[in-house]
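Descriptive analysis of the structure
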Amino acid sequence: MTDEFSQVYIPFASRLNSFFEKYDYIEKGKNKVEEDNHQLRKDNQMKAQKIDELERKIEVMKLAKSMQSPAGEVHDAKVKINRLVREVENCIALLNK
């Protein structure tokens, strides 16, 4: 009886141990991937904020340049100023909600 038990138990225990080792390896890999994903999302968000900031700076520079432009481009300057005023009004309306 003990021979039969050891013939069944030892291979089973060995396979079970192998299974848990593989499971731990996969779990560590999964955790690494999740950490990398979190870091990449964080980097992506920071870069998106930087892009937004640079786009705003570009708009300000364009507006400043249009203010210095000759009289023929006054209409463009007025359009840009009106657009900026609308954006400010939208922000104020959102703040008042």
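This report concerns the structure included in the present document. (Residues numbered from 1 in each chain as written. Predicted model: local features only at pLDDT ≥ 70, side-chain atom pairs only at ≥ 80, totals over all residues. Heavy atoms only, no water.)

**Points about the overall build of the protein**
- Secondary structure assignment for the protein yields 2 helices and 0 strands.
- In terms of principal-axis extent, the alpha carbons of the protein reach across some 105 × 30 × 15 Å.
- When burial is assessed residue by residue, the protein has 4% of its 97 residues classed as buried.
- Taken as a whole, the protein presents about 9,300 Å² of accessible surface, with 60% of it coming from carbon and sulfur.
- Across the protein, the centroid of the 18 positively charged side chains sits 9 Å from that of the 17 negatively charged ones. (Helix = DSSP H or I, 4+ residues; strand = E, 2+ residues; numbered from the N terminus. Buried < 20%, exposed > 50% of the residue type's maximum accessible area, 1.4 Å probe, protein only. Areas by Shrake-Rupley, 256 points an atom, 1.4 Å probe, with all protein chains shown as cover. Lys, Arg positive; Asp, Glu negative; His and termini not counted. Charge placed at Lys NZ, Arg CZ, Asp CG, Glu CD.)

**Structural notes on the pattern of salt bridges**
- Within this structure, the stated rule accounts for 6 salt bridges.
- Across the salt bridge formed by R83 and E59, the nearest N and O atoms sit 2.7 Å from each other. Placement of the pair is R83 in helix α2 (residues 74-96) and E59 in helix α1 (residues 2-67), with a sequence separation of 24 residues.
- The salt bridge involving R83 is made with E87; its shortest N-O contact spans 2.9 Å. On the criterion of helical spacing, the pair formed by R83 and E87 is a turn pair, its members being 4 residues apart in helix α2.
- Take R83: its relative accessible area is 30%, and that puts it in the partly exposed class.
- We classify E87 as partly exposed; its relative accessible area is 40%.
- Linked by salt bridges that have partners in common, E27, K30 and E34 make up one network. (Salt bridge = Lys/Arg side-chain N within 4 Å of Asp/Glu carboxyl O.)

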